[in-house]
Amino acid sequence: MAIKKVMVIGAGQMGSGIAQVCAQAGFDVLLHDMKEAALDKGISTIEKLLTRAVEKDRISEADKTSTLDRLTKSTNLEDAKSCDLVIEAVVENMDVKTKVFQQLDEITPKHAILASNTSSLPITEIAAVTNRPDQVIGMHFMNPVPVMKLVEIIRGLQTSDATYQAIEKMTNDLNKTPVEVNDFPGFVSNRILMPMINEAIYTVYEGVASPEDVDTVMKLGMNHPMGPLTLADFIGLDTCLYIMEVLYEGFGDSKYRPCPLLRKYVKAGWLGKKTGRGFYQY
């Protein structure tokens, strides 16, 4: 199946980034959000990033113009009736996601593929609320989307080979690197990353070292570009806690138990960079 028209649901940081790379790759893109203000902010962010790319001679002014011409705002989910692929990038909540997929199953044409950008939730469970579980798949982009090359492609229990192949081809067309992953809690990226972050938080909680020193060890000793606690602040401590809870519940293994200090910071509203305070102050 040829994918020509794509809807991205959610105009936040991830959704606008996904819409941008799809439009740059030549796809007609509908960026959907229920809030007009969120759409305006998303499109504005895309324009700024494209302008910066022109200034750095990464793309031409004509490339910028044609990319923006392929982007259309949408506040009506019914617009998905003309799409070959829908990529959902809404809040990381199973109830919200399944409601969206139930609606999309009714609205989109029978051939359309429904993809989720979830970073940890089971694709099989999302697919089960539709009448086309063989055409449901995970496309986990990395943040920031225009820069990061990886896309985890997650196969649910019933995802067909044809669906996987179509999404793998599209990922290559986006100039990204696809990695095939089976449907397990946290997939690959967060199953490895989040326990590392959680363990770094434990070292602070137990008084082993300060956040600055923990990050320095990992940057200078392990050659990580960013320390795990700085990274946690950038991801959002609430997001880190949520993914750890998904891992803990999904595997039932105590090694995934979220650190009490992580819970305390989230309860205090110290969510990281987005609130101005996490392990560091911003």
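- Under an unreviewed UniProt entry, the name given to the protein chain is 3-hydroxybutyryl-CoA dehydrogenase, and the organism recorded is Oceanobacillus limi.
- Its UniProt record gives the protein chain a comment under Sequence similarities (unreviewed entry), which states: "Belongs to the 3-hydroxyacyl-CoA dehydrogenase family."

**Looking at the overall build of the protein chain**
Part 1: From N to C terminus, the protein chain includes 11 helices and 8 strands.
Part 2: Relative to the 2.2 N^0.38 estimate, which gives 19 Å for 282 residues, the radius of gyration of the protein chain is 19 Å and therefore close to what a compact globule would have.
Part 3: Dimensions of the protein chain along its principal axes, counting C-alpha atoms only, are 55 × 45 × 30 Å.
Part 4: Within the protein chain, the proportion of its 282 residues that are buried is 50%.
Part 5: Within the protein chain, contacts between residues at least 6 apart in sequence are counted, and of these 67% link residues at least 24 apart.
Part 6: By element, 51% of the accessible surface of the protein chain is carried by carbon and sulfur atoms, the whole surface being about 13700 Å².
Part 7: Charged side chains in the protein chain number 30 positive and 36 negative. The centres of these two groups are separated by 3 Å.

**Re the UniProt feature "domain: 3-hydroxyacyl-CoA dehydrogenase C-terminal" (unreviewed entry) in the protein chain**
Part 1: Residues given the UniProt feature "domain: 3-hydroxyacyl-CoA dehydrogenase C-terminal" (unreviewed entry) here are residues 186-282.
Part 2: The distance separating the terminal C-alpha atoms of residues 186-282 is 28 Å; by composition the span is 63% helix and 0% strand.

**As for the packing of helix H10 (residues 237-251) against helix H11 (residues 260-268)**
Part 1: One can describe the packing of H10 onto H11 by two numbers: an axis separation of 9 Å at closest approach and a directional angle of 135°. By the angle between their axes, H10 is oblique relative to H11. Helix-helix and strand crossings are classified by hand; for H10 and H11 the assignment is left-handed. Seen from H10, the contacting residues are Leu237, Asp238, Cys240, Leu241 and Glu245; seen from H11, they are Leu262, Arg263, Tyr265 and Val266.

**Re the packing of aromatic side chains**
Ring pairs (aromatic) are described by centroid distance and by the angle formed between their planes.
Part 1: Scanning the model with the defined rule gives 5 aromatic pairs in all.
Part 2: An angle of 25° between the planes, with centres 5.2 Å apart, marks the rings of phenylalanine 251 and tyrosine 256 as stacked.
Part 3: Residue classification places phenylalanine 251 among the partly exposed positions, given a relative accessible area of 27%.
Part 4: Taking 5.0 Å as the distance between ring centres and 65° as the angle between the ring planes, the aromatic pair formed by tyrosine 265 and tryptophan 270 counts as edge-to-face.
Part 5: On the accessibility criterion, tryptophan 270 (28% relative accessible area) is partly exposed.

**Considering the layout of surface pockets**
Part 1: Empty space within the second largest pocket amounts to approximately 190 Å³.
Part 2: Met94, Ser120, Leu121, Pro122, Glu125, Asp183, Phe184, Pro185, Val246, Glu249 and Gly250 are the residues that line the second largest pocket.
Part 3: With 3 residues, the single largest contributor to the lining of the second largest pocket is H10.
Part 4: Residue classes in the lining of the second largest pocket are distributed as 6 nonpolar, 2 polar and 3 charged.

**Here's the deal with a positive patch on the surface**
Part 1: On the surface, a cluster of positive charge is contributed by Lys41, Lys48, Arg52, Lys56 and Arg58.
Part 2: Here arginine 52 falls in the partly exposed class, since its relative accessible area comes to 44%.

**Remarks on helix H7 (residues 189-205)**
Part 1: For H7, spanning 17 residues, the distance from its first C-alpha to its last is 24 Å, which sits close to the expected 24 Å at 1.5 Å a residue.
Part 2: Within H7, burial applies to Ser189, Asn190, Met194, Pro195, Ile197, Asn198, Ala200, Ile201, Tyr202 and Val204.
Part 3: Buried positions along H7 lie against strand S6 (136-141), strand S7 (150-155), helix H8 (211-222), helix H9 (228-235), H10 and H11.
Part 4: Positive backbone phi, approximately 75°, marks glycine 207, located one or two places after H7.

**Let's talk about the domain arrangement of the protein chain**
Part 1: When cut into domains, the protein chain gives domain 1 (5-182) and domain 2 (189-275).
Part 2: Between the C-alpha centres of domain 1 and domain 2 there is a distance of 27 Å.
Part 3: Counting from both sides, the interface comprises 9 residues of domain 1 and, opposite them, 5 residues of domain 2.
Part 4: For the pair domain 1 and domain 2, the summed buried area comes to about 490 Å², and 51% of that belongs to carbon and sulfur atoms.
Part 5: At the junction of domain 1 and domain 2, the tally comes to 0 salt bridges.
Part 6: Applying the counting criterion to the domain 1 and domain 2 interface returns 3 residue pairs in polar contact (both at pLDDT 80 or more).
Part 7: Across the side of domain 1 that touches domain 2, the residue classes break down as 3 nonpolar, 4 polar and 2 charged.

What counts, and at which threshold
Residues numbered from 1 in each chain as written. Predicted model: local features only at pLDDT ≥ 70, side-chain atom pairs only at ≥ 80, totals over all residues. Heavy atoms only, no water. UniProt positions renumbered as here; feature names shortened; annotations may be inferred. Helix = DSSP H or I, 4+ residues; strand = E, 2+ residues; numbered from the N terminus. Rg over C-alpha atoms; globule rule 2.2 N^0.38 Å. Buried < 20%, exposed > 50% of the residue type's maximum accessible area, 1.4 Å probe, protein only. Contact = heavy atoms within 4.5 Å. Areas by Shrake-Rupley, 256 points an atom, 1.4 Å probe, with all protein chains shown as cover. Lys, Arg positive; Asp, Glu negative; His and termini not counted. Charge placed at Lys NZ, Arg CZ, Asp CG, Glu CD. Axes fitted to C-alpha atoms, helices over the stretch in contact; angles between N-to-C directions. Parallel < 35°, antiparallel > 145°, perpendicular 65-115°, else oblique. Left-handed = near helix turned anticlockwise from the far one by under 90°. Phe/Tyr/Trp six-rings, centres within 6.5 Å; stacked < 30°, edge-to-face > 60°. 1 Å grid on protein atoms, 1.4 Å probe; cavity = no way out; pocket = protein on both sides within 12 Å on 5 of 7 lines; lining within 4 Å. Points joined across faces, edges and corners; volume = space filled by probe spheres on them. Nonpolar A, V, L, I, M, F, W, Y, C, P; charged D, E, K, R; others polar. Patch = residues over 30% accessible without salt bridge, like charges linked within 9 Å, V, L, I, M, F, W, Y side chains within 5 Å. Salt bridge = Lys/Arg side-chain N within 4 Å of Asp/Glu carboxyl O. Expected span 1.5 Å × (residues − 1). Domains from an automatic or database assignment. Buried area = accessible area lost by both parts, 1.4 Å probe. Polar contact = N/O pair within 3.5 Å; in protein donor to acceptor, adjacent residues only side chain to side chain.

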